[in-house]
Amino acid sequence: MKRPSDDLADGARAAVPAGLPRPAHGVADWPRGGHRSAPERPDTLPDGRPWPRLRVVTLADGTEGGLADTLASVLAQAYPEARHDVLPAGTSIADAFGTGADEPGAGHVLILRAGDMLAPGALVALALEAALTGAAAVAGLRVLYGETVLGLDAPSLRGTASGDDTPPSGGEILFDLARVGRAADLAEPAALWARLTASGAPLARIGRPVLLQGASEPPARGASLSIVSLTGTGHRGGAGIAQRRLGEALSLAGHRLAQVALTDESPAAAAEWADRFPRAEAAIRDFAPDLVIAGNLHGATRSLDILGRLRTESPVAVVLHDLFPLTGRCAYPKGCTRIVTGCDAACPTPDEYPQLRRGRIADEHTRKRRLLAGAAGPLLLANSDWTAEQARGHAPGTAVARVALAFPTGVFAPGDRRGLRHRLGLPGDDVLILFSAVIVDAPDKGVADLVAALRSVAGPGVGFVAIGRLDDPARLGLPNLYAPGPIAEEADLAAWYGACDLHVTASRLETLGQTPIEAGLCGTPTLAYRATGLTSAVIDGVSGRLVPEEPGALAAALKDLVADGAARQRLGAFGRITLESRFSHAAAAMSLDEALTGAGLLPPRVGRVRFAPEMLARFALAAERDGGSGGTVDALSPPIVRRLRRAKHAVLGRNLPFWMRRGLYLAARMRGALRRAERRA
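Residues numbered from 1 in each chain as written. Predicted model: local features only at pLDDT ≥ 70, side-chain atom pairs only at ≥ 80, totals over all residues. Heavy atoms only, no water.

Tell me about the overall build of the protein chain, residues and numbers included.
Helix and strand counts for the protein chain come out as 21 helices and 23 strands. Here the protein chain has a C-alpha radius of gyration of 26 Å; the compact-globule value for 681 residues is 26 Å, and the two agree. Taken along the three principal axes of its C-alpha coordinates, the protein chain extends 80 × 65 × 55 Å. Within the protein chain, the proportion of its 681 residues that are buried is 57%. Element-wise, carbon and sulfur atoms account for 52% of the exposed surface of the protein chain, whose accessible area totals about 27000 Å². One way to put it: in the protein chain the 77 positive side-chain charges average out to a point 8 Å from where the 71 negative ones average out. (Helix = DSSP H or I, 4+ residues; strand = E, 2+ residues; numbered from the N terminus. Rg over C-alpha atoms; globule rule 2.2 N^0.38 Å. Buried < 20%, exposed > 50% of the residue type's maximum accessible area, 1.4 Å probe, protein only. Areas by Shrake-Rupley, 256 points an atom, 1.4 Å probe, with all protein chains shown as cover. Lys, Arg positive; Asp, Glu negative; His and termini not counted. Charge placed at Lys NZ, Arg CZ, Asp CG, Glu CD.)

This is the structure in structure tokens:
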């Protein structure tokens, strides 16, 4: 069992230049020197409306220490619709704004203490989320610091605790004046938040820092759990990456985490026959977790029986990286109705991964449904609205909670596009269209539709970038194609995203879709079908465009976006701002906190949700940034392996017949026996 490192911020970093002291609040050169991470802000909101009018109020008599920094941090926001007033303590909203404070269109207010500072880009991020959600109040993260960063936190959606041990706050909350009312007391913004939570008003939180506040000592940690993250094959590939990042979010929220991968005990070739893992199960029992969070098990087993055994000792949650936990064998039903009536031997795709012999499908489906519907059944964690709907429809009676996946927003961040192209050997002036997947030409990714759409815009001044495994790039028939292959380093992948103008996917089978979010964080919008979880990964008109699943729709929208550089730039800017707010490690941790609290696995939390100081390193504004992970996908196969794979596809297709699966399984068992004999010798 692998335990977490004590230093969650290990790895390559964007460090403070030599000779300069690290700022106590962890944000270099702020507020006097501006900041590289401040987001680009289009002239209007995504729907064309003007940006909201904001009032920033600081209650002070003008002599307080740090007031100059407060003023400087507001001026550096680059939000011309904001007005900053320094008002006497005890001023009410009525006194500050007159009788029009509760009228429609009255704007929003944010209340600062003297000495507190807004973080880079805070007003843009808060105002955009307020405009997109219509929330009565939007809160972000507060960074507490003394001589160094002490921790981060955010208001609870359940109000404020009495006797909270952290300094009074409220400067991280943007209030809709019309919803708050003119009788409110500006001196108590935290009480305003509590009043809104108690009234059931719609509230929103964004998972990025918006306030820097001095404190005398570290805040007390909240309730925490001992958690095992259980996977089939570890942290490689899309689902493995997502599971790893969720684990990081939990660790940064103060939980104790251990990782278990079933293929450490049993090879992937045995997945169709393996359903017991005594060493892994013993290690989990020894850890005595408060919770097991499982995900992507089908790379090591076609059964969920291990979860049934584990739940007798610990609560279990299952992350729905795909729909395998709901079906007899497949990851996505693809329109097959047998998931409703009961998967059985009539399954149309038993030889597609994850393969299972026909005669076993009905039994596995029955056992899964028994597990999901039983007393103390697992909590299903859905990463998109579509996935949550599927879970509730196909596992009635099972607890389902919506969570956000975590992305390293400090690694996936916009860069100098021209500089990135020069570094990567890409043409400086072409419109570059990127498409990406672990296996680029996998049929499930809609490769036929994708290639047809890309060919429709091929010509001078247009180039294509394919990231992922692609054994024969020439088969795509795309001119000006750059195919760097699989990219295992997150920082290198971010450079490729940031160098391109547009990301396109033709997939219709995603519980969420991670590549549109990674691209959007780098300022590159996505064009996709309005299908499955992509409707949560691509915010239509904000971080990209969604088109109906109709012939020619993808190609038509692609032609429009290739011709409209201004639209691409707007979508890229809005995408960066919104996706950082909704898919950071902190956003994921807050969503998990809500899910676990709602399921009774954490006590109801009032006061503040708290994070370790290392959380700051996950954001682009940090003076010292986490450099991301490596080894996330398998390296490019040698030429001989690629040729053999192409030959196999030509003769047998992409699927593995039973006799071949059985042969690989027996070979894996033989290799294991030989290794054990060598160790004994």
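From this point on, the discussion continues.
Explain unusual backbone geometry residue by residue, including any values.
Residue Pro-31 is bonded to the preceding Trp-30 through a cis peptide linkage, with omega at 5 degrees. Following the sequence through the fold, Pro-31 ends up in the loop between strand 1 (13-14) and strand 2 (54-59). Cis rather than trans, the peptide bond between Tyr-353 and Pro-354 has omega equal to -5 degrees. Among the structural elements, Pro-354 can be located in the loop between helix 9 (338-341) and helix 10 (358-373). Phi at Lys-334 is positive, roughly 55 degrees, even though this residue is not glycine. Positionally, Lys-334 belongs in the loop between strand 13 (316-319) and helix 9. Take Lys-334: its relative accessible area is 41%, and that puts it in the partly exposed class. Although it is not a glycine, Asn-480 sits at a positive phi angle of roughly 55 degrees.

How would you summarise the pairing of strand 3 (residues 82-87) if you had to cite specific residues and measurements?
Pairing of strand 2 with strand 3 involves six bridges; the strand directions are parallel. By the bridge assignment, Val-57 is partnered in strand 3 with Asp-85. For the handedness criterion, the β-α-β arrangement of strand 2, helix 1 (residues 67-75) and strand 3 is classed as right-handed. (Pairing = 2+ DSSP bridges. Right-handed = clockwise from strand over helix to strand, strands pointing away.)

I'd like to hear about the packing of helix 3 (residues 122-133) against helix 18 (residues 565-583), residue by residue, with values.
Between helix 3 and helix 18, the shortest axis-to-axis distance is 10 Å and the interhelical angle comes to 85 degrees. Here helix 3 lies roughly perpendicular to helix 18, going by the angle between them. Residues Val-124, Ala-125, Leu-128, Glu-129, Leu-132 and Thr-133 of helix 3 form the contact with helix 18, whose participating residues are Phe-574, Ile-577, Thr-578, Ser-581 and Arg-582. Broken down by class, the residue content of the contact of helix 3 with helix 18 amounts to six nonpolar, three polar and two charged. (Axes fitted to C-alpha atoms, helices over the stretch in contact; angles between N-to-C directions. Parallel < 35°, antiparallel > 145°, perpendicular 65-115°, else oblique. Contact = heavy atoms within 4.5 Å. Nonpolar A, V, L, I, M, F, W, Y, C, P; charged D, E, K, R; others polar.)

Kindly report on the environment of Glu-614, identifying the contributing residues and their values.
By the element assignment, Glu-614 lies in the loop between strand 22 (608-611) and strand 23 (625-626). Since its relative accessible area comes to 26%, Glu-614 is described here as partly exposed. Separated by 463 residues in the primary sequence, Glu-614 and Gly-151 have C-alpha atoms spaced 7.8 Å apart.

For helix 7 (residues 278-287), give the residues involved together with the corresponding values.
Since there are 3.6 residues in each turn of an α-helix, residues three or four apart along the chain are aligned in direction. Burial in helix 7 covers these residues: Ala-280, Glu-281, Ile-284 and Phe-287. For helix 7, the angular spread of the buried residues around the axis is 120 degrees, confining them to a single face. Residues of helix 7 that are exposed and point more than 90 degrees away from the buried face comprise Pro-278, Arg-279 and Asp-286. Trailing helix 7 by a residue or two, Ala-288 shows a phi angle of about 50 degrees, which is positive. (Arc of directions from axis to C-beta.)

Tell me about a nonpolar patch on the surface, and name the residues and values.
On the surface, Ile-640, Val-641 and Leu-644 cluster together into a nonpolar patch covering about 260 Å² of accessible area. One can find Val-641 in helix 20 (residues 639-652). (Patch = residues over 30% accessible without salt bridge, like charges linked within 9 Å, V, L, I, M, F, W, Y side chains within 5 Å. Salt bridge = Lys/Arg side-chain N within 4 Å of Asp/Glu carboxyl O.)

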